[in-house]
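Examining the three-dimensional arrangement
Here are the chains, one letter per residue:
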Amino acid sequence: TDVDSINGIYEVLVKQAKTLKSEGGWGFNFSLWRPRGSFIKGVGVESPGAVKFMELFDKSSDIVTAGSGKVTKNSKAKGKIRKGAMMGVMDCTHPDIVEFITAKQIPGRLTKFNISVNCTKEFMDKVNNLDKDPDEDWDLEFPDTDHPAYKVAWKGNLSEWKEKGFPTIVHETVKVKWLWNLITESTYNRNEPGVLFLDRANEFNPLYYGETIVATNPCGEQTLAPAGICCLGSINLTQFILPDYSGFDLDRLKTYSGYLVRFLDNVNTRSDAPLPEYVDSMRNKRRIGCGVLGWGSALMMLRVPFGSKKAEELRTEIMQTITKA
């Protein structure tokens, strides 16, 4: 399918609806779609842009997870269903990025989304160099949609597009400092957007040779490639404190880390999913996430201040134990 077309967009919408219907979370990188003002030859109008199309997915989430709005008399009905959890991502190179950053500052807009800006390595290098060059420019650009390769070769990765020698159109040039300040001030005032470093995520991805990470799950704790699933579980650290409160029982923690891996891997075997590509990911990639909870409570039980050097040493000790196990 031509990914940046009505067919392509609605194909994604159907997958989103099926995911949310099953009470799963859904994330998507909207950099795939052409920016506001791009001319669409087939219908002779300009596109409303990627952020406007996000409203379609926002409304879909609202409807799919709404329920009847009435108190049910059906004994088989759930008391409530999970709200439509979604993550919307946009690359800092996209011409609609300013609209994306400020979208949720308009009351009632994109209320079903968490949103995050993917800050590329090139952009962050320029941010880190602002002391030396405070007037650094940043191009907001997108592939030339009139190019013959666009419908076939464009998959949402601007760097790959340019590496192949295909042309882009610079829609606007802004100052790096201004764009970075817009992101950070919006986050300070509105708690959104978040920031992602997908270049780094792909550097550390064990499956880098077979997939490209483009977004995260709705809460942002796991970066995922298209059709990626997250199977997450946590160890409660308060249950691994030594009887004399001198520290953590690392041998026992090691044992239960093994149990957690086996448990989560079994979940990948036993679970079903609303889309065949999700099932394929569960069965073949078998991605799991082993986390911890109760860290603050455990430190309180050990009488160790949260931000202390001792807390840092314990954290390193615990996470090394889990990782090696």
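Report follows, based on the coordinates. Positions within a chain are numbered from 1, following the residues in the order the chain's sequence is written. pLDDT decides what is reported in this predicted model: residues at 70 or higher carry local features, side-chain atom pairs at 80 or more are listed and counted, and totals for whole chains, interfaces and linings draw on all residues regardless. By convention in this description, side-chain values take in all heavy atoms of the structure and omit both hydrogens and water.

**Concerning the sheet that holds strand 5 (residues 113-118)**
- Pairing within the open sheet is parallel, and its four strands lie in the order 1-4-5-8. This sheet does not close on itself; its edge strands, each paired only once, are strand 1 (26-29) and strand 8 (194-196). Here the average twist between neighbouring strands, direction ignored, is 30 degrees.
- Two strands are said to pair when DSSP picks up at least two bridges between them. For the purposes of this entry, the term helix denotes a DSSP run of H or I that reaches at least four residues, the term strand denotes a run of E that reaches at least two, and both are numbered from the N terminus. As defined by bridge partners, strand 1 adjoins strand 4 (residues 86-91) across four bridges and the pair is classed as parallel. Every axis in this analysis is a line fitted to C-alpha atoms, fitted for helices over the stretch in contact. Angles between the N-to-C directions lie between 0 and 180 degrees.

**Some remarks on the packing of aromatic side chains**
- Note on aromatic pairs: the rings of Phe, Tyr and Trp (six-membered ring only in Trp) are paired at centre separations within 6.5 Å, and the planes decide the class, stacked below 30 degrees, edge-to-face beyond 60, tilted for the rest. Inspection of the entire model under this criterion finds 22 aromatic pairs.
- Look at Phe248 and Trp295: their rings are 6.5 Å apart centre to centre, the planes differ by 20 degrees, and that puts the pair in the stacked class. Note that Phe248 is positioned in the loop between strand 11 (232-236) and helix 9 (250-270) and Trp295 in helix 11 (residues 295-302), a separation of 47 residues in sequence. Of the two residues, Phe248 and Trp295, neither departs from the other in class, the shared state being buried.
- Connected via pairs of aromatic rings, a cluster forms that spans Trp26, Phe28, Phe30, Trp33, Phe53, Phe57 and Phe113.
- Charge-over-ring placement is defined geometrically: NZ (Lys) or CZ (Arg) within 6 Å of the ring centre, and within 35 degrees of the ring normal. Above the plane of the ring of Phe240 lies Arg252, whose end atom (NZ or CZ) is 4.8 Å from the centre. Each residue gets one of three labels from its accessible area relative to the maximum for its type: buried under 20%, exposed over 50%, partly exposed in between, using a 1.4 Å probe on protein chains only.

**Side note on helix 9**
- Expected span of a helix: the number of residues minus one, times 1.5 Å. Here helix 9 is 21 residues long and its end C-alpha atoms lie 30 Å apart, about the 30 Å a rise of 1.5 Å per residue gives.
- Those residues of helix 9 that sit buried are Leu253, Ser257, Leu260, Leu264, Asp265 and Asn268. Projected onto a plane normal to the axis of helix 9, the buried residues spread over an arc of 125 degrees and lie on a single side. Seen from the open side of helix 9, the exposed residues pointing more than 90 degrees away from its buried face are Asp251, Tyr259, Phe263 and Arg270.
- Contact definition: two residues touch when any of their heavy atoms are within 4.5 Å. Each element contacted by the buried residues of helix 9 is listed here: strand 11, helix 10 (276-285), strand 12 (289-293) and helix 12 (309-324).
- Among the residues of helix 9, the N-terminal cap falls to Asp249, whose side-chain oxygen and the backbone nitrogen of Asp251 are separated by 3.4 Å. This arc is built from the directions going out from the helix axis to the C-beta atoms. Definition of a polar contact: a pair of N or O atoms within 3.5 Å, with one able to donate and the other able to accept a hydrogen when the atoms are protein atoms, and with sequence-neighbouring residues admitted only if both atoms are side-chain atoms.

**Structural notes on helix 11**
- Three or more residues of helix 11 are buried, namely Trp295, Ala298, Leu299 and Leu302. For helix 11, the buried positions fall inside an angular range of 100 degrees around the axis, keeping them on one side.
- Residues of helix 11 that are buried sit in contact with strand 12 and helix 12.
- Arg303 sits one or two positions beyond helix 11 and adopts a positive phi of about 60 degrees.

**Some details on the pattern of salt bridges**
- Each reported salt bridge corresponds to a side-chain nitrogen of Lys or Arg within 4 Å of a carboxyl oxygen of Asp or Glu. Enumeration over the complete set of coordinates arrives at 18 salt bridges.
- Here Asp4 and Arg34 are joined by a salt bridge, their closest N and O atoms 2.7 Å apart. Pair noted here: Asp4 is in the segment before helix 1 (6-21) and Arg34 is in the loop between strand 1 and strand 2 (39-40), with a separation of 30 residues, a long-range link.
- We note a salt bridge from Glu211 to Arg287, for which the minimum N-O separation is 2.6 Å. Of this pair, Glu211 sits in the loop between helix 8 (198-204) and strand 9 (215-216) while Arg287 sits in the loop between helix 10 and strand 12, placing them 76 residues apart in sequence.
- Take Glu211: its relative accessible area is 8%, and that puts it in the buried class.

**What about the nonpolar core?**
- Core analysis: the largest hydrophobic core is formed by 64 residues, its most contacted members being Trp26, Phe30, Trp33, Phe57, Phe113, Phe123 and Phe248.
- Apart from the residues within four sequence positions on either side, Trp33 is in contact with Val3, Asp4, Ile9, Val12, Phe28, Ala50, Phe53, Phe57, His94 and Phe142.
- Within this scheme, the nonpolar core is defined by two criteria: the residues are buried Ala, Val, Leu, Ile, Met, Phe, Trp, Tyr or Cys, and they are joined through side-chain atoms within 4.5 Å. Met87, Val89, Leu196 and Ala215 belong to the second-largest nonpolar core, a separate cluster that totals seven residues.

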